[in-house]
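# Coordinates in review
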Amino acid sequence: MVRISELARAAGVGISTVRFYERRGLVVPTARSHGGYRHYDQEALKRLRFIRRAARLGFTLTEVEQLLSASTTPDVGDVVTGKVAEIEQRMNDLDRVRLALLDVAENGVRDQCPVVAALSD
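Residues numbered from 1 in each chain as written. Predicted model: local features only at pLDDT ≥ 70, side-chain atom pairs only at ≥ 80, totals over all residues. Heavy atoms only, no water.

Let's shift gears to the pattern of salt bridges. Scanning the model with the defined rule gives 8 salt bridges in all. Salt bridges sharing partners connect three or more residues here, namely Glu 63, Lys 83, Glu 86 and Arg 90. (Salt bridge = Lys/Arg side-chain N within 4 Å of Asp/Glu carboxyl O.)

Time to look at the packing of helix 1 (residues 4-11) against helix 3 (residues 42-56). Following both chains from N to C, one finds helix 1 and helix 3 inclined at 40°, their axes separated by 9 Å at the closest point. Judged by the angle between their axes, helix 1 and helix 3 are oblique. Note on packing geometry: the crossing formed by helix 1 with helix 3 is right-handed. The segment helix 1 lies against helix 3, with Leu 7, Ala 10 and Ala 11 engaging Ala 44, Leu 45, Leu 48, Arg 49 and Arg 52. (Axes fitted to C-alpha atoms, helices over the stretch in contact; angles between N-to-C directions. Helix = DSSP H or I, 4+ residues; strand = E, 2+ residues; numbered from the N terminus. Parallel < 35°, antiparallel > 145°, perpendicular 65-115°, else oblique. Left-handed = near helix turned anticlockwise from the far one by under 90°. Contact = heavy atoms within 4.5 Å.)

Turning our attention to the sheet that holds strand 3 (residues 38-40). The pairing of strands in a sheet comes from backbone hydrogen bonds and takes either a parallel or an antiparallel form. Strand order in the open sheet formed by 3 strands is 1-3-2, with antiparallel pairing between adjacent strands. Two strands in the sheet have a free side with no partner beyond their single neighbour: strand 1 (2-3) and strand 2 (31-32). Relative to strand 3, strand 2 runs antiparallel, the two being bridged by 2 bridges. In the sheet register, Arg 32 faces strand 3, and the bridge partner there is Arg 38. (Pairing = 2+ DSSP bridges.)

Okay, structure coming up:
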């Protein structure tokens, strides 16, 4: 069991972020001390790390909430299907930019920069 400051430090977030996620129901203190201090277990740390990774990958907080609640509401198919389509589109865009950057590295910039052309489609 750790206090909120230790949890925040271990997860690489601020205390206010932990409190925000607590208000949203994403992280729940396991217990409170007699003095009112919040205490969290390892599951809270796992959840915070998952939330951060998901956010870096482009998941919205609402999508994260839906994924975390999947154990109680197994019908998250629409969310997952939509996110897969979004990820595939992003991968296609990134591949076009990667190829354009390789072209610039090999051939230099010509009439129109290949990166601009790749991002304009």
